[in-house]
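Structural features, examined
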Amino acid sequence: MLALDPPARQSVRERPTVAAKANDEGKRRVRVVLVGPPGAGKGTQAEFIAEHFDIPKISTGDIFRSNVSGGSDLGKLAKKYMDAGDLVPDEVTNAMVRDRLAQDDAKAGFLLDGFPRNIAQAYELDSMLGDLGTTLDVVLDLEVDNEEVVRRLSGRRLCKKCGHVWHVEFDPPKVEDVCDKCGGELYHRDDDYPETVRHRLDVYVSQTRPLIEFYDQRKQLVGMDAHGPVEDVTERAIESLAAFAD
Ligand code: AP5
Ligand code: MG
């Protein structure tokens, strides 16, 4: 199951990215939520999409992880849930996102990666945006099958310093365990071990996947095949989102 035979492909860093090309043509803003199962590539794509549209990437998982490594009270609380593969309680997560969305850089647009994660959080997001006098433009669902999720998560490595996401087979750094971008040390996420991954997938199915139907009924959902090389997925994602940008 975990034996990997990835297709040969050019690294995303060895050729101009879609984002770099499009930024030359002018920046456009969008308010977007990324959804998809663990390992779908939300964090990977969030970085490129945010750069392309010049919007802040707001990743609840990243904010929790930086609190865990900083040893804050929020980090101590979140770690218990994250290590078990469970959701951090809504009241904690909602308050954190409310604060972040109220910051100036999120006024013209934002990308939410990992929030909302259940229907209650989706209603809370409505309330946050209503209070800020704005609305969501689109929810982009990154669709990948379970086998691909396992392949992606089993080889994932994160940079301790800048948070960039690598993959030992599909997107390896030039020097093993060292981030090309900032020289930081790479690490394996505590919740990427098989048993926790299985539980995270169950939590996704029971709590997060109902959001697909929820946003589809609201006509805010765009589904996208997220298989294939990172740069091809980025290109398709940006094309899908461009229609909603102003
Ligand atoms: P979070 O960090 O959000 O984890 P997740 O949703 O499980 O998603 P992942 O980060 O695992 O996957 P991803 O889709 O970002 O994939 P990635 O781009 O890294 O949440 C962690 C925990 O925090 C939760 O379990 C919960 O406890 C808590 N939490 C967070 N938000 C919360 C909320 N709203 N409410 C309550 N609790 C919350 O890619 C995976 C790998 O694949 C990488 O190695 C990458 O290099 C590789 N890859 C990506 N794209 C491709 C491609 N196209 N081809 C080949 N490889 C690829
Ligand atoms: Mg992620």
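A brief look at the structure comes next. Since the model is a prediction, treat every value here as computed from it, not as a measurement.

Below, the discussion takes up the sheet that holds strand β8 (residues 221-225). Here we have 5 strands laid out as an open sheet, ordered β2-β3-β1-β4-β8, and parallel in their pairing. Either end of the sheet is taken by a strand with one partner, and the two such strands are β2 (57-59) and β8. Taking the axes of each pair of neighbouring strands and ignoring which way they run, one obtains an average angle of 20 degrees across the sheet. Inspection of the sheet shows β2 paired to strand β3 (residues 110-113) by 3 bridges, in the parallel sense.

So, on to the packing of helix α8 (residues 194-208) against helix α9 (residues 210-217). For the pair α8 and α9, interaxial distance at closest approach is 5 Å and the crossing angle is 30 degrees. In this structure, α8 contributes Tyr-204, Val-205, Ser-206, Gln-207 and Thr-208 to the contact, and α9 contributes Pro-210, Leu-211 and Ile-212. Looking at the contact of α8 with α9, its residues break down into 5 nonpolar, 3 polar and no charged.

This next bit is on the packing of aromatic side chains. What the rule picks out here adds up to 2 aromatic pairs. When the ring of Tyr-123 is compared with that of Phe-214, the centres are 5.2 Å apart and the planes differ by 85 degrees; the resulting orientation is edge-to-face. In this pair, Tyr-123 is assigned in helix α6 (residues 119-131) and Phe-214 in helix α9, connecting sequence segments 91 residues apart. Classification of Phe-214 by relative accessible area gives buried; the value is 11%. On the basis of an interplanar angle of 85 degrees and a centroid distance of 5.0 Å, the ring pair of Phe-214 and Tyr-215 is categorised as edge-to-face. For the residue pair Phe-214 and Tyr-215, the accessibility class agrees, reading buried in each case. An aromatic cluster is built from Tyr-123, Phe-214 and Tyr-215, whose rings are joined through pairwise contacts.

What follows deals with the sheet that holds strand β7 (residues 186-187). With antiparallel pairing, the 3 strands of this open sheet are ordered in space as β6-β5-β7. The open sheet has two edge strands, β6 (165-167) and β7, and neither has a second partner. Direction of pairing for strand β5 (residues 156-159) relative to β6: antiparallel, over a ladder of 3 bridges. Pairing of Leu-158 across the sheet is with Val-165, part of β6.

Calculation notes
- Residues numbered from 1 in each chain as written.
- Chains lettered and ligands numbered in written order.
- Predicted model: local features only at pLDDT ≥ 70, side-chain atom pairs only at ≥ 80, totals over all residues.
- Heavy atoms only, no water.
- Pairing = 2+ DSSP bridges.
- Helix = DSSP H or I, 4+ residues; strand = E, 2+ residues; numbered from the N terminus.
- Axes fitted to C-alpha atoms, helices over the stretch in contact; angles between N-to-C directions.
- Contact = heavy atoms within 4.5 Å.
- Nonpolar A, V, L, I, M, F, W, Y, C, P; charged D, E, K, R; others polar.
- Phe/Tyr/Trp six-rings, centres within 6.5 Å; stacked < 30°, edge-to-face > 60°.
- Buried < 20%, exposed > 50% of the residue type's maximum accessible area, 1.4 Å probe, protein only.

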